[in-house]
Amino acid sequence: MKKDKTRNITDCLVIVSGLVIAGLITKEPVYFYIAAGLGFVTALVSPFAYYISFVWQGIGKIAGFFVSKIVLTIIFYIILFPFSLLHKLFAKNKSINENKSETYWIKKEKTETDFTKLW
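Every chain is numbered on its own, with residues counted from 1 as its sequence reads. The predicted origin of the model limits local features to residues at a pLDDT of at least 70 and limits the giving and counting of side-chain atom pairs to 80 or more, whereas totals for whole chains, interfaces and linings rest on all residues. With hydrogens and water stripped out, all remaining heavy atoms of the structure feed into the side-chain values.

(A) View of the packing of aromatic side chains. By convention, a stacked pair of Phe, Tyr or Trp rings (six-membered ring in the case of Trp) has centres within 6.5 Å and planes under 30 degrees apart, an edge-to-face pair has planes over 60 apart, and any other such pair is tilted. Following the criterion strictly, the structure yields six aromatic pairs and no others. Grouped by ring-pair contacts, the aromatic residues Tyr50, Tyr51 and Phe54 constitute a single cluster.

(B) Structural view of the nonpolar core. Cys12, Ile15, Val16, Leu19, Ala35, Leu38, Ala49 and Ile52 form the largest nonpolar core, which has eight residues in total. At the level of secondary structure, the elements contributing two or more residues to this core comprise helix 1 (2–26), helix 2 (29–44) and helix 3 (46–90). A run of DSSP states H or I qualifies as a helix once it reaches four residues; a run of E qualifies as a strand once it reaches two. Both are numbered from the N-terminal end. Ranked by residues supplied to this core, first place goes to helix 1 with four residues. Remark: nonpolar core denotes a set of buried residues (Ala, Val, Leu, Ile, Met, Phe, Trp, Tyr, Cys) joined through side-chain atoms within 4.5 Å. Only protein chains enter the accessibility calculation, which uses a 1.4 Å probe; a residue whose area is less than 20% of its type maximum is buried, one above 50% is exposed, and one in between is partly exposed.

(C) Region of the structure containing the confidence of the model for the protein. Known as pLDDT, the predictor's confidence for each residue is given on a scale from 0 to 100. Residues with a pLDDT of 70 or more make up 87% of the protein, whose mean pLDDT is 84. The weakest mean pLDDT in the protein belongs to helix 1 at 87; the strongest belongs to helix 2 at 91.

(D) Region of the structure containing helix 3. Between its first and last C-alpha, helix 3 extends 63 Å over 45 residues, near the 66 Å set by a 1.5 Å rise per residue. The angle separating two fitted axes, one through the seven residues that finish at a residue and one through the seven that start at it, defines the bend at that residue. Approximately 35° is the largest bend angle found in helix 3, and it occurs at Phe76. One fewer than the residue count of a helix, multiplied by 1.5 Å, yields its expected span.

(E) A look at the pattern of salt bridges. Salt-bridge detection follows one rule: a side-chain nitrogen of Lys or Arg within 4 Å of a carboxyl oxygen of Asp or Glu. Inspection of the entire model under this criterion finds one salt bridge. Where Arg7 meets Asp11, a salt bridge forms, and the shortest distance between an N and an O atom there is 3.9 Å. Of this pair, Arg7 and Asp11 both sit in helix 1, four residues apart, roughly one helical turn. For Asp11, a relative accessible area of 8% puts it in the buried group.

(F) Looking closely at the side chain of Ser53. Turning to its location among the elements, Ser53 is positioned in helix 3. Using a relative accessible area of 3% as the deciding quantity, one classes Ser53 as buried. Of the polar contacts made by the side chain of Ser53, one reaches the side chain of Asp11; its length is 2.6 Å. Contacts were defined at the residue level, with two residues in contact if any of their heavy atoms lie within 4.5 Å. Every residue in contact with Ser53, bar those within four places of it in the chain, is listed here: Arg7, Asn8 and Asp11. Counted as a polar contact is a pair of N or O atoms within 3.5 Å, where, for protein atoms, one must be capable of donating a hydrogen and the other of accepting one, and residues adjacent in sequence contribute only when both atoms are in side chains.

(G) Structural detail: the packing of helix 2 against helix 3. Axes here mean lines fitted to C-alpha atoms, for a helix over just the part in contact, with angles spanning 0 to 180 degrees between N-to-C directions. The interhelical angle for the contact between helix 2 and helix 3, taken along N-to-C directions, is 120°, at an axis separation of 5 Å. Judged by the inter-axis angle, helix 2 sits oblique to helix 3. Facing Leu38, Val41, Thr42 and Leu44 of helix 2, the residues of helix 3 in contact are Ser46, Phe48, Ala49 and Ile52. The nonpolar class holds Ala, Val, Leu, Ile, Met, Phe, Trp, Tyr, Cys and Pro. Asp, Glu, Lys and Arg form the charged class, and all remaining residues, Gly among them, are polar. Grouping the constituent residues of the contact of helix 2 with helix 3 by class yields six nonpolar, two polar and no charged. An angle counts as roughly parallel when it lies under 35 degrees, as roughly antiparallel when it exceeds 145, as roughly perpendicular when it falls between 65 and 115, and as oblique in every other case.

Okay, here's the thing in structure tokens:
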């Protein structure tokens, strides 16, 4: 339970720190008031910190789902797709299907299995 309580307070501290930084950047006093209020409430009432942490973790999971898809798509189309096109244009062995006369399959002559001599 102590680990969960520490996690909840840490999440709230991250939110308060983000609000303070947003207030310093934008010079809006509203962010400081919200940060101070959130800090005092979560320090005094730990169940409130649990609910804020729960919502914060949910937002993080939803954002992580979408951001991972976006980042992987960007990496694919900027790095892997052009590399694949260049490889296809300049590769010496264009296709494995060109070698149609040979096969890699080995025909097995004996079809019976002797279960008394496994090894």
